2 protein chains.
Amino acid sequence: MNQTIKLQLNHKSIRKFKTDAIPQEIIDTLVSVAQHTATSNYAQSYSIISVTDPIKKKRLAEIGCQPYIEDAAHIFIMIADQARNAAIVKEELEDTIIFSSFDKFFIAATDAILAAQNIIIAAESLGIGGVLLGSILNQIDQLNELFEIPKFAVPVLGIALGYPDQSPQAKPRLPKHLIHFENIYPKWENISLELSEYDKIVTDYYSARSTNKRIDTFAKMITNWSLNTYQGRIKMLEYIQSKDLIKY
Amino acid sequence: MNQTIKLQLNHKSIRKFKTDAIPQEIIDTLVSVAQHTATSNYAQSYSIISVTDPIKKKRLAEIGCQPYIEDAAHIFIMIADQARNAAIVKEELEDTIIFSSFDKFFIAATDAILAAQNIIIAAESLGIGGVLLGSILNQIDQLNELFEIPKFAVPVLGIALGYPDQSPQAKPRLPKHLIHFENIYPKWENISLELSEYDKIVTDYYSARSTNKRIDTFAKMITNWSLNTYQGRIKMLEYIQSKDLIKY
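Calculation rules
Residues numbered from 1 in each chain as written. Chains lettered and ligands numbered in written order. Predicted model: local features only at pLDDT ≥ 70, side-chain atom pairs only at ≥ 80, totals over all residues. Heavy atoms only, no water. Helix = DSSP H or I, 4+ residues; strand = E, 2+ residues; numbered from the N terminus. Rg over C-alpha atoms; globule rule 2.2 N^0.38 Å. Contact = heavy atoms within 4.5 Å. Areas by Shrake-Rupley, 256 points an atom, 1.4 Å probe, with all protein chains shown as cover. Lys, Arg positive; Asp, Glu negative; His and termini not counted. Charge placed at Lys NZ, Arg CZ, Asp CG, Glu CD. Pairing = 2+ DSSP bridges. Axes fitted to C-alpha atoms, helices over the stretch in contact; angles between N-to-C directions. UniProt positions renumbered as here; feature names shortened; annotations may be inferred. Buried < 20%, exposed > 50% of the residue type's maximum accessible area, 1.4 Å probe, protein only. Arc of directions from axis to C-beta. Least-squares fit on C-alpha atoms with pLDDT ≥ 70 in both. Phe/Tyr/Trp six-rings, centres within 6.5 Å; stacked < 30°, edge-to-face > 60°. Lys NZ or Arg CZ within 6 Å of the ring centre and 35° of its normal. Buried area = accessible area lost by both parts, 1.4 Å probe. Salt bridge = Lys/Arg side-chain N within 4 Å of Asp/Glu carboxyl O. Nonpolar A, V, L, I, M, F, W, Y, C, P; charged D, E, K, R; others polar. 1 Å grid on protein atoms, 1.4 Å probe; cavity = no way out; pocket = protein on both sides within 12 Å on 5 of 7 lines; lining within 4 Å. Points joined across faces, edges and corners; volume = space filled by probe spheres on them. Parallel < 35°, antiparallel > 145°, perpendicular 65-115°, else oblique. Left-handed = near helix turned anticlockwise from the far one by under 90°. Patch = residues over 30% accessible without salt bridge, like charges linked within 9 Å, V, L, I, M, F, W, Y side chains within 5 Å.

Chain A has the name Putative NADPH-dependent oxidoreductase in an unreviewed UniProt entry, where Haploplasma axanthum is given as its organism.

Written out as C-alpha cells, the structure is:
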C-alpha cells in the first residue's frame, strides 16, 4: 500500500465541480503524463484536444446529453489518431491503405485510452476530480464536425476535470472471482446464483443513496443498459469506416 | 509534482526481469486496483486472466514472438468482455444481439484498457516493472484457444510484470504541439518540417543507445512500422466478428 495505490482504490467519478480553474501549468503536466504513457511500437498514435472554448463546451454537453460537461474546468478529447502517422508516411509512400486495418485503428485506440487513464490518475493525485466521457460518442457526426477530425482519426473518450464539489460513494464492484480468473476463461453456468450475494450489495447501495434511490439488482441494471443503447451510438461503426479505418 | 506524477513521468517499459516472484498479496492488490478503475455505465465489461501455468507462459511467448514474456514473474491478459454480461442478460432476455454492436465491443475494450493502465501504474509504484503486450494479438486464434475465450469476449492486451533487471532510457516523445491541440484538430501541412527538430532528437537517441544502435528518423520508423504489420494481426477483424461482435 502506498499513496498511489490508495488514490487508485479511492477513485470515484466526479460530475459536480467548483468554479475554480485548473492552472495552465497543471494542464501541461497532465499532457506530459499522457505523453509518457506506454505507446504501441513507439508510434504515439493518439492526440489530445483541450476544449477551452465555452461555445464548444456547451455543444459537448449537448452532444453527450450531460449538462455537467459544460461546468467542467477543463475537458480533454482523446483521439485514436493515425492521421498524423498517415501524413508522415505520405511524404515517404503513396499508399496509406496500411492504416485502414482494424489492427492499426485498435493500436491507436489503445494508445489513446491508456493515456486517458494516466491523465485521470495524475489529476486525482493533485486533488482534481473527473469523469471519463463515453457520452461524447452519442452523436459522433456532430462531435466530428465540432473539432474537424480528419480521415484516419477517431475521438474515443472525453475527460471532464475540475475541483470536486461532491463526494460520491464508491459503487460496489463485482466479486473478484467473477472478473479475475487463472489460466482459463470460466464457463458461465448458473451466473444468477453466483451473482445473488452481489445483487444484495448493489440493492443496498442503491437504496442507501441520498439521491437517485432505486431498488435494483446488477442483473436488471445490465439488462436495462443493454436494451437502452443510445441510438446515436449505433452509427459508430459506419462513422469509423467513413474515416477509412477498419476496412479489413 | 508529487510521487504519483513523478512515477508516471518516469515510466519505461521493462522487458528483462529478475527471477523474484511477485507475492500473491500484490497480485490481489493489482486486481483490486483494476476493479476500481472507471467503467462505462457501471457494467464492468472486462475480465482479467492471470497466466501462472508455465506451459501457457511459454506458449504466450511463442504467440507474441517475444521470448522475455516467458521470464515475466506474472502475466495478466486483459479481456474486453461482454460474455459475462450476455450470460447475465440471457437469464432475463432471449436475444443477445444487443451485444453485437461496435459500441458494446468498444465499451468493453475501453474498460479493459483503462484497467490495464491502472495496473501498470500500481505495479510501478511498488517497484515492479512491466510492459504492455500488444504482441499477444499476433496469433489471435491460438491465443483464443489457449484460454478458451468464449463468444462476446476478446483479449485486447497483455501485461508482463516482474522486478526490473534493466534500466532502459526514456524514449523521446513527439513535441507537445504535435499531439496536443486546442479546440480544433490541426491540418497536417509540411509535417516533415514540423518533425525535423524531433527527428534529430530521435536520431541522437538511437545512436547513443548501448544496444540496438541504429540511425533513424521518426518518419522512417513510422513508415517501416506501417509497412511491417505482423500478418497475424490482419485476422483481428475477422476474429472479432467470429465472436459475434462488431456485427453492426
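Having put the structure on the table, let's press on.
Enquirer: Would you mind going over the overall build of chain A in detail, with residue names and values included?
Expert: From N to C terminus, chain A includes eleven helices and five strands. What you see for chain A is a C-alpha radius of gyration of 20 Å, in line with the 18 Å of a compact globule of 248 residues. Along the longest, intermediate and shortest principal axes, the C-alpha atoms of chain A span 60 × 50 × 40 Å. Long-range contacts, defined as pairs at least 24 residues apart, comprise 80% of the intrachain contacts of chain A with a sequence gap of at least 6. Working note: accessible area of chain A is about 10000 Å², and carbon and sulfur atoms make up 49% of it. Of the side-chain charges in chain A, 26 are positive and 28 negative, and the distance between the mean point of each set is 7 Å.

Enquirer: Just give me the short version of the sheet that holds strand 2 (residues 74–81) of chain A, but keep the residues and values in it.
Expert: Pairing is mixed across the open sheet formed by five strands, whose spatial order is 3(A)-4(A)-2(A)-1(A)-5(B). Strands with a single pairing partner mark the edges of an open sheet, and in this sheet they are strand 3 (129–133) of chain A together with strand 5 (180–182) of chain B. Averaged over all adjacent pairs, the angle separating strand axes in this sheet is 25°, with direction ignored. Relative to strand 4 (residues 153–162) of chain A, strand 2 of chain A runs antiparallel, the two being bridged by eight bridges. Note on strand 4 of chain A: the bridge partner recorded for Met78 of chain A is Leu157 of chain A.

Enquirer: Report on the UniProt feature "domain: Nitroreductase" (unreviewed entry) in chain A, specifying residues and quantitative values.
Expert: UniProt records the feature "domain: Nitroreductase" (unreviewed entry) for residues 11–163 of chain A in the present numbering. The annotated region residues 11–163 of chain A carries 43% helix and 19% strand content, and the separation between its end C-alpha atoms amounts to 14 Å.

Enquirer: Describe the environment of Leu227 of chain A, with residues and values.
Expert: With respect to the helices and strands, Leu227 of chain A occurs in helix 10 (residues 218–227). On the basis of relative accessible area, Leu227 of chain A is assigned to the partly exposed category, the value being 48%. For the pair formed by Leu227 of chain A and Met78 of chain A, sequence separation is 149 residues and the distance between their alpha carbons is 27 Å. Setting aside residues up to four positions removed in sequence, Leu227 of chain A forms contacts with Leu93 and Ile98 of chain B.

Enquirer: I'd like to hear about helix 7 (residues 140–147) of chain A, residue by residue, with values.
Expert: All names here are of chain A. Those residues of helix 7 that fall on the buried side of the exposure criterion are Ile140, Leu143, Asn144, Leu146 and Phe147. Here the buried residues of helix 7 occupy an arc of 160° about the axis, which is enough to place them on one side. Taken together, the buried residues of helix 7 touch strand 1 (46–51), helix 3 (54–63), strand 2, strand 4 and helix 11 (236–242). Residue Glu148 follows helix 7 closely and has a positive phi angle near 50°.

Enquirer: An account of the relation of the copies chain A and chain B is requested, with residue identities and associated values reported.
Expert: Once chain A is rotated about the relating axis by 180° and shifted along it by 0.0 Å, it coincides with chain B to within an RMSD of 0.0 Å. The two molecules are tied by a two-fold rotation axis, judged by turn and shift. A high fraction, 100%, of the interface residues of chain A reappear at the interface in chain B, so the copies pair face to face through one surface.

Enquirer: If you had to explain the packing of aromatic side chains to someone new, which residues and values would you point to?
Expert: One pass over the full model with this rule turns up 22 aromatic pairs over all chains. Taken together, a centroid distance of 5.8 Å and an interplanar angle of 70° make the contact between Phe181 of chain B and Trp188 of chain B edge-to-face. With relative accessibility at 6%, the residue Phe181 of chain B sits in the buried group. Members of the aromatic cluster, joined through ring pairs, are Phe102, Phe105 and Phe106 of chain A together with Phe102, Phe105 and Phe106 of chain B. Sitting over the face of the ring of Trp225 of chain A, Lys104 of chain B holds its NZ or CZ atom 4.5 Å from the ring centroid.

Enquirer: Can you break down the interface of chain A and chain B residue by residue, with the values?
Expert: In this complex, chain A contributes 113 residues to the contact, which on the side of chain B involves 113 residues. Summing both partners gives a buried area of about 10300 Å² for chain A against chain B, and 65% of it is carried by carbon and sulfur. Sorting the residues of chain A by area buried against chain B places Tyr42, Tyr185 and Trp225 of chain A first, and these three jointly supply 9% of that buried surface. Summed over the shared surface of chain A and chain B, the number is four salt bridges. Its residues assigned to classes, the side of chain A that touches chain B shows 67 nonpolar, 29 polar and 17 charged. Where strand 1 of chain A meets strand 5 of chain B, three bridges bridge the pair, whose relative direction is parallel. Paired with Ile48 of chain A across the bridge in strand 5 of chain B is His180 of chain B.

Enquirer: Explain empty space enclosed by the protein residue by residue, including any values.
Expert: Under the definition given, this model contains one cavity of 30 Å³ or more. Of the volumes computed, that of the largest cavity is approximately 40 Å³. If you trace the largest cavity, you find it lined by Ala34, Gln35, Thr37, Ala38, Thr39, Gln44, Tyr46, Asp111 and Ala115 of chain A together with Arg173 of chain B. The set of elements that each furnish at least two residues to the lining of the largest cavity consists of helix 2 (24–35) and helix 6 (102–125) of chain A.

Enquirer: Requested: an account of the packing of helix 2 of chain A against helix 6 of chain A, with residues and values cited.
Expert: Residues and elements named next belong to chain A. One can describe the packing of helix 2 onto helix 6 by two numbers: an axis separation of 8 Å at closest approach and a directional angle of 140°. Classified by the angle their axes make, helix 2 and helix 6 are oblique. Handedness of the crossing formed by helix 2 with helix 6: right-handed. Seen from helix 2, the contacting residues are Leu30, Val33 and Ala34; seen from helix 6, they are Ala115, Asn118, Ile119, Ala122 and Ala123. In terms of residue class, the contact of helix 2 with helix 6 is made up of seven nonpolar, one polar and no charged.

Enquirer: Tell me about the pattern of salt bridges, and please be specific about residues and values.
Expert: All names here are of chain B. Taken as a whole, this structure holds 18 salt bridges over all chains when the rule is applied. Across the pair Asp165 and Lys16 runs a salt bridge, and its minimum N-O distance is 3.3 Å. With a gap of 149 residues between them, Asp165 in the loop between strand 4 (153–162) and helix 7 (176–179) and Lys16 in the loop between helix 1 (3–9) and helix 2 (24–35) connect regions that are remote in the sequence. Looking at Asp165, the relative accessible area reads 37%, which means it is partly exposed. With a relative accessible area of 43%, Lys16 lands in the partly exposed category.

Enquirer: Give a description of a nonpolar patch on the surface that names residues and reports values.
Expert: A surface patch of nonpolar side chains, about 230 Å² in accessible area, is lined by Ile97 and Tyr248 of chain A together with Ile234 of chain B. Along the chain, Tyr248 of chain A turns up in the segment after helix 11. Its relative accessible area of 30% is what places Tyr248 of chain A among the partly exposed residues.

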